[in-house]
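# Residue-level structure breakdown
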Amino acid sequence: MRPIHFNAFDMNCVGHIQHGLWAHPRDQSHRYHAIDYWTDYAKRLEAGLFDGIFLADVVGINDVYGGTADAAIRGAVQVPVNDPMLLVPAMAAVTTHLGFGVTANLTYETPFLFARRMSTLDHLTGGRIGWNIVTGYLDSAARAIGLDAQAAHDDRYDLADEYMEVVYRLWEESWADDAVIFDRDRHRYADPARVRPIHHAGKQYRIDAMHLSAPSPQRTPVLYQAGSSPRGRQFAATHAECVFVNGQKIEGVKAIVDDIRARAVAGGRAADDIKVFMGATIVTARTEAEAREKFEDYRRYVSSEAALVHAAASLGIDFSRYDLDQPIETGKSNAIVSNVEAVTRSAGPQWTTRKLLEQMVLGSRQAPMIGSAEQIADQLIAWSRDAGIDGFNLSRTVVPECFDDIISLVVPILQERGLYKTHYAEGPLRQKLFGQPRLPARHIAAGFRQQPGA
């Protein structure tokens, strides 16, 4: 088996996925606006040899439930939320190897300025930046920038394909590898002949400019993507290096993983060009009894209303309109299509609000793994082996203790079994994950690179 990778999965806010647990007396997530909260966080993760911290983000309010934002604001359901990118330089300054996967919604980001921000972060981190590519799912985000509503689900991916071409050309084509000369004697910093303006006139974007940043260690950041709908899988197979999936049953996750890798191979890539991370929530201790006791303690702070607020937004269904046992109507949605499909697989075609709440025992649709460190290690290994996944995005429960428990209890067991690194590899994030700092020649972005001397 291949070694297992860990990312911490979090957001620059109070309430992320496990809704209500911010009210636990030991939880520190209310300090999300303090730099030392995040620098301490980063140092803990690097001490535990985590591959990275994966920072989610939204640029709208979860206002589907009841048709208002009241319940989201009351329960801190991903609001207030601050910019995740601004955390990265502070965390990078106190670490050497930890990677940073940052979510940015391309629907509302101009490619020219976004490309410069990511290049800047790649420079500042020494090549440790990744981009979680999202197209959004909240109409409130569209309204925030002056639109009536977001585009249809599959149309957003069409826009995203064009967006990717533009940023690839800025990152990979505009500056040649040998453009920077840094010749003090002749006062020549860069060779103008080796810096190209990018000309693009497409359906969504027009650009006539050269990239403002010199080539960064990775040029293109490590590319993360989380869509598991058929259109999302095709996008992942074309662009993504790390794919984020949510688990329901092993066979269901394996089918998604196998399909994405098969699509990648059909497009000229290698199956190993894609690493798959599954979302997981872990409650562990030295014994199963202690873990169960901890779980029951956490459970007392869960907010069912906040859980439904988040579910309503990501599923595109207003649960306030339904009685607990009234069958839910799941028509076509512009929210996260794969989430609706996942719930239908787990709860059946005639699922209800009560069935959904029964799944959300810790405030999210993600069923927690509960057990001793040995039991948790066994479960992680089984998922990795049987579903073909490479690692886990570990969602926070009560921070920082949830990650302290994994680092002190689970990591040593995985190391003893030869399934978790004992030291970091050198080099940028892509080098650590894939053995090379740049995208391989078979990736679609490589086709835009300047050739030596061209």
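Coordinates for the structure precede this section.
Residues numbered from 1 in each chain as written. Predicted model: local features only at pLDDT ≥ 70, side-chain atom pairs only at ≥ 80, totals over all residues. Heavy atoms only, no water.

### Describing the nonpolar core
Applied cut-off: Residues grouped as a nonpolar core are buried Ala, Val, Leu, Ile, Met, Phe, Trp, Tyr and Cys residues, joined through side-chain atoms within 4.5 Å. Burial classes follow relative accessibility: with a 1.4 Å probe on protein chains only, a residue under 20% of its type's maximum area counts as buried, one over 50% as exposed, and anything between as partly exposed. Think of it this way: any DSSP run of H or I at least four residues long counts as a helix, any run of E at least two long counts as a strand, and we number them from the N terminus. Throughout, a contact is declared for two residues whenever any of their heavy atoms are within 4.5 Å.
Counting 90 residues, the largest nonpolar core has Phe6, Phe50, Ile53, Trp131, Leu380, Phe392 and Phe403 as the members making the most contacts within it. At 10 residues, helix 6 (residues 153-173) tops the list of elements feeding residues into this core. In contact with Phe6, not counting residues within four places along its chain, are Phe50, Asp51, Gly52, Leu380, Phe392, Leu394, Ile406, Val411, Leu414 and Tyr420. Judged by nonpolar contacts, the second largest core, of 20 residues, contains Met11, Cys13, Ala141 and Leu433.

### Side note on the sheet that holds strand 1 (residues 5-11)
Sheet strands associate in pairs through backbone hydrogen bonding, adopting either a parallel or an antiparallel arrangement. Which entries qualify depends on this criterion: When DSSP locates at least two bridges between a pair of strands, those strands are taken to pair. Helix axes use the C-alpha atoms of the stretch in contact, all axes being lines fitted to C-alpha atoms, and the angles between their N-to-C directions lie in the range 0 to 180 degrees.
What the eight strands build is a closed barrel, ordered 1-2-3-4-9-10-11-14; its pairing is parallel. The average undirected angle you get between the axes of adjacent strands in this sheet is 30 degrees. For strand 2 (residues 52-56) and strand 3 (residues 99-105), the ladder comprises four bridges, and the chain directions are parallel. Bridge pairing in strand 3 links Leu55 to Val102. Of the strands in this sheet, strand 1 and strand 2 are in contact with helix 1 (residues 35-47), which crosses strand 1 at around 165 degrees.

### Describing helix 9 (residues 288-299)
Threshold: Given the number of residues in a helix, its expected span is that number minus one, multiplied by 1.5 Å. Picture the helix axis, draw a direction to every C-beta atom, and the arc is the one those directions span.
Taking 1.5 Å per residue, 12 residues should reach 16 Å; helix 9 reaches 16 Å between its end C-alpha atoms and fits that length. Listed as buried for helix 9 are Ala291, Lys294, Phe295, Asp297 and Tyr298. Looking straight down helix 9, one finds its buried side chains confined to an arc of 160 degrees; they lie on one side. In helix 9, the exposed positions angled more than 90 degrees off the buried face are occupied by Ala289 and Glu293. On the buried face of helix 9, the contacting elements are strand 12 (282-285), strand 13 (369-372) and helix 14 (401-416).

### Focus: the pattern of salt bridges
Heads up, the condition is: Any carboxyl oxygen of Asp or Glu within 4 Å of a side-chain nitrogen of Lys or Arg constitutes a salt bridge here.
Across all of its chains, the model carries 36 salt bridges by this definition. Salt-bridge contacts for Glu172 lead to Arg449; the nearest nitrogen and oxygen are separated by 2.9 Å. A residue pair is termed long-range when its members are at least 10 positions apart, and Glu172 in helix 6 and Arg449 in the segment after helix 15 (429-434) qualify at 277 residues. Shared partners join several salt bridges into a network, and the residues in it are Glu172, Asp177, Arg219, Arg438 and Arg449.

### Notes on the packing of helix 7 (residues 230-239) against helix 8 (residues 250-266)
Between two packed helices, both the angle of their axes relative to each other and the distance between the axes serve to describe the pair. Applied cut-off: For classification purposes, an angle smaller than 35 degrees is called roughly parallel, one larger than 145 roughly antiparallel, one from 65 to 115 roughly perpendicular, and anything else oblique. Two helices cross in a left-handed way if the nearer one is turned anticlockwise from the farther one by less than a right angle. They cross in a right-handed way if the turn is clockwise. All residues other than Ala, Val, Leu, Ile, Met, Phe, Trp, Tyr, Cys, Pro, Asp, Glu, Lys and Arg, Gly among them, are scored as polar; the first ten of these are nonpolar and the last four charged.
Where helix 7 meets helix 8, the closest approach of the two axes is 8 Å, and the angle between their N-to-C directions is 50 degrees. On the basis of the axis angle, helix 7 is oblique to helix 8. Note that helix 7 runs across helix 8; the crossing there is right-handed. Here Pro230, Arg233, Gln234, Ala236 and Ala237 of helix 7 lie close against helix 8, whose contacting residues are Ala255, Ile256, Asp259, Ile260, Arg263 and Ala264. Its residues assigned to classes, the contact of helix 7 with helix 8 shows seven nonpolar, one polar and three charged.

### Section: a nonpolar patch on the surface
Selection criterion: A patch consists of residues exposed above 30% relative accessible area that lack any salt bridge, with like charges linked at up to 9 Å and nonpolar side chains (Val, Leu, Ile, Met, Phe, Trp, Tyr) linked at up to 5 Å. Surface accessibility follows the Shrake-Rupley procedure with a 1.4 Å probe radius. Residue values consider only the protein chains on display as shielding.
On the surface, Val180, Phe182 and Tyr189 cluster together into a nonpolar patch covering about 300 Å² of accessible area. As for its placement among the helices and strands, Tyr189 is situated in strand 6 (residues 188-190).

### Concerning the packing of helix 6 against helix 7
Helix 7 packs onto helix 6 with a crossing angle of 10 degrees between their chain directions and a minimal axis gap of 10 Å. Considering the angle they form, helix 6 stands roughly parallel to helix 7. Helix-helix and strand crossings are classified by hand; for helix 6 and helix 7 the assignment is right-handed. Across the interface between the two elements, Asp154, Tyr157, Asp158, Ala160, Asp161, Met164 and Tyr168 of helix 6 pack against Arg231, Gly232, Phe235 and His239 of helix 7. When the residues that make up the contact of helix 6 with helix 7 are grouped by side-chain class, the tally is five nonpolar, two polar and four charged.

### What about the environment of Glu401?
Here Glu401 shows up in helix 14. Taking the relative accessible area as the measure of exposure, Glu401 reaches 16% and is therefore buried. Separated by 118 residues in sequence, Glu401 and Val283 place their C-alpha atoms 10.0 Å apart.

### Brief notes about helix 4 (residues 111-124)
Because each turn of an α-helix spans 3.6 residues, side chains separated by three or four positions end up pointing in the same direction. The terminal C-alpha atoms of helix 4 lie 20 Å apart, and with 14 residues this matches the ideal 20 Å at 1.5 Å per residue to within 8%. All of the buried residues in helix 4 are Pro111, Phe114, Ala115, Met118, Ser119, Leu121 and Asp122. For helix 4, the angular spread of buried residues about the axis comes to 160 degrees, placing them on one side. On its buried face, helix 4 is in contact with helix 3 (88-93), strand 3, strand 4 (129-134) and helix 6.

### Thoughts on the packing of aromatic side chains
Condition: To pair, rings of Phe, Tyr and Trp, with the six-membered ring standing in for Trp, must have centres within 6.5 Å; the planes then decide the type, stacked if under 30 degrees apart, edge-to-face if over 60, and tilted in the middle. Only Lys NZ and Arg CZ are tested; either one counts as a charge over a ring when it is within 6 Å of the ring centre and within 35 degrees of the ring normal.
For the structure shown, the criterion picks out 20 aromatic pairs. Seen in terms of ring centroids, Tyr37 and Trp38 are 5.0 Å apart; in terms of plane orientation they differ by 85 degrees. Their pairing is edge-to-face. Side by side, Tyr37 and Trp38 carry an identical accessibility label, which is buried. Members of the aromatic cluster, each reached through a chain of ring pairs, are Phe6, Tyr37, Trp38, Tyr41, Phe50, Phe392, Phe403 and Tyr420. Sitting above the plane of the Phe434 ring, Lys275 keeps its charged end 5.4 Å from the centroid. Over the face of the ring belonging to Tyr420 we find Lys421, whose NZ or CZ atom lies 4.8 Å from the ring centre.

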